[in-house]
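These are the residues of each chain, in order.
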Amino acid sequence: MARVSRQDPEQFSQQRVHPVDEVLPAGKLTLFGFQHVLAFYAGAVIVPIILGNALGLSREELVYLINADLLTCGVASIIQALGVWKIGARLPLVQGVTFTAVSPMIAIGLGAGGGTAGLLVVYGAVITAGIATFLFAPFFSKLVKYFPPIVIGTILTVIGLTLIPQGLKDAAGGAQLIGHPGYGDPKNLAYALGTLLFILVVVRFGKPYLSSLAVLLGLVAGTGVAWLLGDVDFGGVKSAAWFGVSTPFHYGMPKFELFPIIAMVVVMLITMVETTGDVYAIGEITGKKVDNATVANALRADGVATVLGGVFNSFPYVAFAENIGLVRMSKVMSRFVVVAAGGFMIVMGLLPKAGSAVAAIPHPVLGGAAIAMFGMVAAVGIQILGKVDLREERNALILAVSLAAALLPSAVEPFFTRMPEDVRAVLNSGITLGSLTAVLLNLFFNVFTRRKTMEIDWDEIEGGEPAEAHQPFGAPAPAAPYAPQAHHRPGPPHAPGPQHPQGGPDRGIPGH
């Protein structure tokens, strides 16, 4: 891959506008904006599909969730890229539902009885967590030093490892078939394996742009084969309306319960770490200066988008790393391209027929794609952990205990059954339990003991050369590097170079 030359912010001082703020002609905005939608679409719709299936929602309810998600994604992306007051980084960042929230939301929803009743408790937690994110944003932007690579790498590894079983269940036919003869049917496994192999072939032999669409193409190809063999029902597409608007509190007023709220606040804490890394990554790519205020504005946008998600029947939001990679590959830095992409998402969110077509994707096909996507999240975490000195006993213990905590809910299912239902909503999520363990152990070992922690050394990396452009599928977004605190020099931060020996917070396939 060709290297992307670093943009010097000072070189634009004599120009009228920075490339990030350049408004392209309408034709280019349309073309490049739609390209962002294609790179984003598969990751955007997979979360409502997984959650809706896990909670036992009907096909119509699932279609509604997909359209509500697309609509809110569009609004959230516009807010992040365009900026309103101190809300939005004003950088080319596309917003999408975070994968971090999938397992906790399933645990919360099932704990509340599943179905739409479970959604009401989920939405109450989402709205509250969004408000907390907005209020905490300026403080969190100053706490990056407390999230060293051992924490970031552990969290991402935990997210991937705890989500992979969900993809495997879909590959076997879907959780709703557990206990039935169809669960694990060889035909289901064939669909899943075929979809996964198709994605791998596209990534291996496809051109960069085609590879960036590997997951979407895999879903389309797998669904097409299943339809030819009579295993896909598109009857719901014909009956779906052409136009529909997601109304606030469609399923009723949200229910605000303490322990689900705590679980979702922890989820947003994790996504704030992810967003921080993504903001510094896009600043490096575009040559746009990033400081604490920029990070705070980006986090406020996450908070506002998450509140909107709870109101308009959607979920928590975070910047999508796939689209950061697309900015590197295309070298199109204008944030107004993302605004155009947001407009496309809004239009798609107003078309129920589109949502109904997506809802028809068979579970095994979805599972095959999910295995690749969730596995890449774990791989990025392992990549970051590879830059951590695990020979140091404290780092090894943080990783070991966090992984054990993350696997506890799935490995020993009855472990929390005797606890109150609200407590189970928090503890029965491997992502929440493992991530919270990593954060607390880092505080115990490295912060409260006044031991030297890892911190971004902006002066050391300033002027450094950026990493190679992203690989199209699942390659990690460049992120803020870390250096020993003893070398940190105070002063306003600048966008970091992504290739530093210590590594930094990074994301692969979202959401996330």
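Preceding this paragraph is the structure being described.
Residues numbered from 1 in each chain as written. Predicted model: local features only at pLDDT ≥ 70, side-chain atom pairs only at ≥ 80, totals over all residues. Heavy atoms only, no water.

Caption draft 1: Structural view of helix H6 (residues 186-205). Between its first and last C-alpha atoms H6 spans 28 Å; for 20 residues at 1.5 Å apiece the expected length is 28 Å, and the two agree. Within H6, burial applies to Asn188, Tyr191, Ala192, Thr195, Leu196, Ile199 and Val202. Each buried residue of H6 sits inside an arc of 125 degrees when the element is viewed along its axis, so together they form one side. More than 90 degrees from the buried face of H6, the exposed residues found are Pro186, Arg204 and Phe205. Its side-chain oxygen 2.7 Å from the backbone nitrogen of Lys187, Asp185 forms the N-cap of H6. (Helix = DSSP H or I, 4+ residues; strand = E, 2+ residues; numbered from the N terminus. Expected span 1.5 Å × (residues − 1). Buried < 20%, exposed > 50% of the residue type's maximum accessible area, 1.4 Å probe, protein only. Arc of directions from axis to C-beta. Polar contact = N/O pair within 3.5 Å; in protein donor to acceptor, adjacent residues only side chain to side chain.)

Caption draft 2: Examining the packing of aromatic side chains more closely. In total, this model carries five aromatic pairs according to the counting rule given. With centroids separated by 6.1 Å and ring planes inclined at 35 degrees, the aromatic side chains of Tyr123 and Phe315 adopt a geometry described as tilted. With Tyr123 in helix H4 (residues 115-140) and Phe315 in the loop between helix H11 (292-311) and strand S2 (317-319), the pair connects residues that are 192 residues apart, well separated along the chain. Summarising the aromatic geometry, the rings of Phe136 and Phe140 are spaced 6.1 Å apart at their centres and angled 65 degrees between planes, so their arrangement reads as edge-to-face. Within this pair, Phe136 and its partner Phe140 are both found in helix H4, separated by four residues, close to a single helical turn. According to the relative accessible area criterion, Phe140 is buried, its value standing at 1%. An aromatic cluster of three or more residues is present, and its members are Phe136, Phe139 and Phe140. (Phe/Tyr/Trp six-rings, centres within 6.5 Å; stacked < 30°, edge-to-face > 60°.)

Caption draft 3: Molecular detail of the pattern of salt bridges. Tallied over the full model, the rule gives four salt bridges. The residue Asp21 makes a salt bridge to Lys288 at a minimum N-O spacing of 3.0 Å. Placement of the pair is Asp21 in the segment before helix H1 (26-54) and Lys288 in the loop between helix H10 (258-286) and H11, with a sequence separation of 267 residues. The residue Arg391 makes a salt bridge to Asp389 at a minimum N-O spacing of 3.2 Å. Under the relative-accessibility criterion, Asp389 is labelled partly exposed at 37%. In this structure, a network of salt bridges that share partners links the residues Asp21, Lys288 and Arg335. (Salt bridge = Lys/Arg side-chain N within 4 Å of Asp/Glu carboxyl O.)

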